Amino acid sequence: MTKITNVLPEQCTPGFEYLFVSKQSYRAYNSKLGVLKNVFISHWGLMIKNGLMPLRTAENLIGCYDNTFYFSHYKKALEQFLVCKYGKSLPSLTFNDDAIYFTIHTPWFGYFSWFTSNLPRLIQIHEQFPQAILLLPEEILQMKFVNQSLALFPNLKIIEVKKSHHLFIRNYAFAQVKPWTSQFLLSELEQVRKICFDFLDKHYNSTFQSNLLYISRRKAKRRTITNETEVEEYLANKGFISVCYEDLSVFDQMALTRQARVLVSLHGAGLTNTIFMTSGNSVLELTPIPDKNYQFRFPFWRICDLLNINYSVQFCKTVDKGEEDIYTRDVTVDMTEFRINIERILQ
């Protein structure tokens, strides 16, 4: 266990600094690695071992605001185990040979979790057990960013698991999952950076010309900027290029972010790529004003601080159309504050 204390943002919308003060220190837990015998893995990636579900089988099982969170997931995984073992209504696969198998997916899966949780665990297991076989659900393997980034592991053997199939595994390589989504260890981030940078240096030639980058969410289904045209026009006059990361390969995203001196983006998965920025460069995150303090999400601040990237944040008013989750709402950027922030960062 490591206690981490983050430096407060370089610049923050006045009146919202307290949100960071309350989250400034946290404990980050290392991942223990070993081979377990005779486990059940649900199609969500939850483990049942000796009738119990280990706490470190997925993120966020220890809820900060809902003490029943673990038990609801345990109940579901245990039901699936019992039906697969004694019934016939749920499909399952059995791996009962001498080979070592492993999984890395959890119920909370996406671009962010892939690079901050799943990929670090994949690196650890593959280094310790190079012959271990990855069992990956077909719906995850078909995700473009997953399929492309698996090129980082040319010697990794993968078995595609059909959708909704549960697993019985005799020899299971298990790297503990971090307890909470927004917990980060510098050593894990550096592992991801190293393997990705080594691949880029060997196989990739970047053709991008600008080091001032704006990541647009105009193609996203939710959480867009209502006055984005005004934002982009102002940034273009400052020399920024505007990019939709959905249009780029995962290695294009890495390369473009790696060379960015300044990165500006609305809160979203694209900011996960701050992992690939150079220390000393700058990020401005645009984020919704939370209705309640516990709604505030802060992972990119913590990532930037660990990697010595200058982090600033501007809170933006949301357009409330009845969505309960503020992170599904569109936002409007205050252009006066935005111009001040950009001018300061570019100095």
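Provided above is the structure to which this section pertains.
Anyway, here's the lowdown on the structure attached to this text. Keep in mind it's a predicted model, so treat the numbers as computed, not measured. Counting of residues starts from 1 at the beginning of each chain's written sequence and follows it residue by residue. Side-chain atom pairs in this predicted model are given and counted only at pLDDT of 80 or more, local residue features only at pLDDT of at least 70, and totals for whole chains, interfaces and linings cover all residues. Side-chain numbers come from the whole structure's heavy atoms, not from hydrogens or water.

1. A short note on the overall build of the chain
Okay, step 1: Helix and strand assignments come from DSSP, with helices taken as H or I runs of at least 4 residues and strands as E runs of at least 2, each series counted from the N terminus. Counting secondary structure elements, the chain contains 10 helices and 16 strands.
Okay, step 2: Our radius of gyration looks at C-alpha atoms and nothing else; its globule reference is 2.2 Å times the residue count to the power 0.38. Here the chain has a C-alpha radius of gyration of 21 Å; the compact-globule value for 347 residues is 20 Å, and the two agree.
Okay, step 3: Considering only C-alpha atoms, the chain reaches an extent of 65 × 45 × 35 Å along its principal axes.
Okay, step 4: Within the span of the chain, comprising 347 residues, buried residues form 54% of the whole.
Okay, step 5: Any two residues having at least one pair of non-hydrogen atoms within 4.5 Å are treated as being in contact. Of the contacts made within the chain by residues no fewer than 6 positions apart, 77% connect residues no fewer than 24 positions apart.
Okay, step 6: Surface exposure here means Shrake-Rupley accessible area, sampled with a 1.4 Å probe, where a residue is shielded only by the protein chains that are shown. Put simply, the chain shows about 16100 Å² of open surface, and 51% of that area lies on carbon and sulfur atoms.
Okay, step 7: For the chain, the distance from the average position of its 38 positive side-chain charges to the average position of its 33 negative side-chain charges is 7 Å. Only protein chains enter the accessibility calculation, which uses a 1.4 Å probe; a residue whose area is less than 20% of its type maximum is buried, one above 50% is exposed, and one in between is partly exposed. In summary, the charge assignment counts Lys and Arg as positive and Asp and Glu as negative, without counting His or the chain termini. Lysine's charge is taken at NZ, arginine's at CZ, aspartate's at CG and glutamate's at CD.

2. Looking at the side chain of Asp-330
Okay, step 1: Mapped onto the fold, Asp-330 is located in strand β16 (residues 330-332).
Okay, step 2: Among the polar contacts made by the side chain of Asp-330, one reaches the side chain of Thr-224 at a distance of 3.0 Å.
Okay, step 3: When sequence neighbours within four positions are dropped, the list of residues in contact with Asp-330 reads Arg-222, Arg-223, Thr-224, Thr-226, Lys-317, Thr-318, Val-319 and Lys-321. In protein, a polar contact requires one atom able to donate a hydrogen and another able to accept it; more generally it is a pair of N or O atoms within 3.5 Å, and residues adjacent in sequence count only if both atoms are side-chain atoms.

3. Examining the pairing of strand β15 (residues 310-319)
Both faces of the sheet carry side chains from a regular strand, because those side chains alternate between them.
Okay, step 1: Think of it this way: DSSP has to see at least two bridges between two strands before they count as a pair. Looking at chain direction, strand β2 (residues 11-12) and β15 are connected through two bridges and run parallel. From the neighbouring strand, Cys-12 faces β15, where its bridge partner is Val-313.
Okay, step 2: Pairing of β15 with β16, which is carried by three bridges, proceeds in the antiparallel orientation. Looking at β16, one finds that Val-319 is bridged to Asp-330.

4. Some remarks on the environment of Asn-171
Okay, step 1: Looking at the element boundaries, Asn-171 is found in strand β10 (residues 166-175).
Okay, step 2: The class for Asn-171 is buried, based on a relative accessible area of 5%.
Okay, step 3: A C-alpha to C-alpha distance of 5.0 Å links Asn-171 and Ile-100, two positions 71 residues apart in sequence.
Okay, step 4: Those residues in contact with Asn-171 that sit more than four places away from it in its chain are Val-35, Leu-36, Lys-37, Asp-97, Asp-98, Ala-99, Ile-100 and Tyr-101.

5. Details of the packing of helix α6 (residues 186-203) against helix α8 (residues 250-258)
Okay, step 1: The axes are straight lines fitted to the C-alpha atoms, using for helices just the contacting stretch, and the angles between their N-to-C directions are given from 0 to 180°. Relative to each other, α6 and α8 sit at 95°, their axes nearing to 11 Å. Here α8 runs roughly perpendicular to α6, going by the angle between their axes. Each of Cys-196, Phe-197, Phe-199, Leu-200 and Asp-201 in α6 lies in contact with α8, whose residues at this interface are Phe-251, Met-254, Ala-255 and Arg-258.
Okay, step 2: Three categories are distinguished: nonpolar for Ala, Val, Leu, Ile, Met, Phe, Trp, Tyr, Cys and Pro, charged for Asp, Glu, Lys and Arg, and polar for the others, with Gly belonging to the last. Residues that form the contact of α6 with α8 fall into these classes: seven nonpolar, no polar and two charged. Our angle categories are set so that under 35 degrees counts as roughly parallel, over 145 as roughly antiparallel, 65 to 115 as roughly perpendicular, and the remainder as oblique.

6. Details of the pairing of strand β8 (residues 133-137)
Okay, step 1: Where burial is concerned, most of β8 is hidden: five out of the five residues are buried.
Okay, step 2: Across the two faces of β8 the burial is the same, with Ile-133, Leu-135 and Pro-137 and Leu-134 and Leu-136 all buried.
Okay, step 3: When β8 meets strand β9 (residues 157-161), the two strands line up parallel, connected through five bridges. Bridge pairing in β9 links Leu-134 to Ile-158.

7. Looking at the pattern of salt bridges
Okay, step 1: Salt bridge criterion: a side-chain nitrogen from Lys or Arg within 4 Å of a carboxyl oxygen from Asp or Glu. Evaluation of the coordinates by the stated rule reveals 13 salt bridges.
Okay, step 2: In this structure, Glu-230 and Arg-339 form a salt bridge, with 3.7 Å as the shortest nitrogen-oxygen distance. Of the two residues, Glu-230 is situated in helix α7 (residues 228-237) and Arg-339 in helix α10 (residues 335-346); the sequence distance between them amounts to 109 residues.
Okay, step 3: Take Glu-230: its relative accessible area is 38%, and that puts it in the partly exposed class.
Okay, step 4: Overlapping salt bridges, with partners in common, bring together Arg-218, Glu-228 and Glu-232 in one network.

8. Focus on unusual backbone geometry
Okay, step 1: Despite not being glycine, Asn-60 shows a phi value in the positive range, around 65°.
Okay, step 2: Looking at where Asn-60 falls in the secondary structure, it is placed in the loop between β5 (47-48) and α2 (69-86).
Okay, step 3: If you check the backbone angles, Asn-308 has positive phi at about 60° while not being a glycine.
Okay, step 4: Along the chain, Asn-308 falls in the loop between α9 (299-306) and β15.
Okay, step 5: Asn-308 sits in the exposed class, given a relative accessible area of 55%.

9. A closer look at the nonpolar core
Okay, step 1: If you look at the biggest cluster of nonpolar residues, it comprises 70 residues, and the most contacted ones within it are Phe-102, Trp-114, Phe-115, Leu-119, Leu-122, Leu-150 and Phe-153.
Okay, step 2: A total of eight residues in this core trace back to one element, the largest contributor, which is helix α3 (residues 111-128).
Okay, step 3: Aside from chain neighbours lying at most four places away, what touches Leu-122 is Phe-102, Ile-104, Trp-114, Leu-150, Phe-153 and Leu-156.
Okay, step 4: Here the nonpolar core consists of buried residues drawn from Ala, Val, Leu, Ile, Met, Phe, Trp, Tyr and Cys, with membership extended through side-chain atoms lying within 4.5 Å. In terms of nonpolar packing, the next biggest core, distinct from the first, is built from 19 residues, Leu-212, Val-264, Leu-284 and Ile-345 among them.

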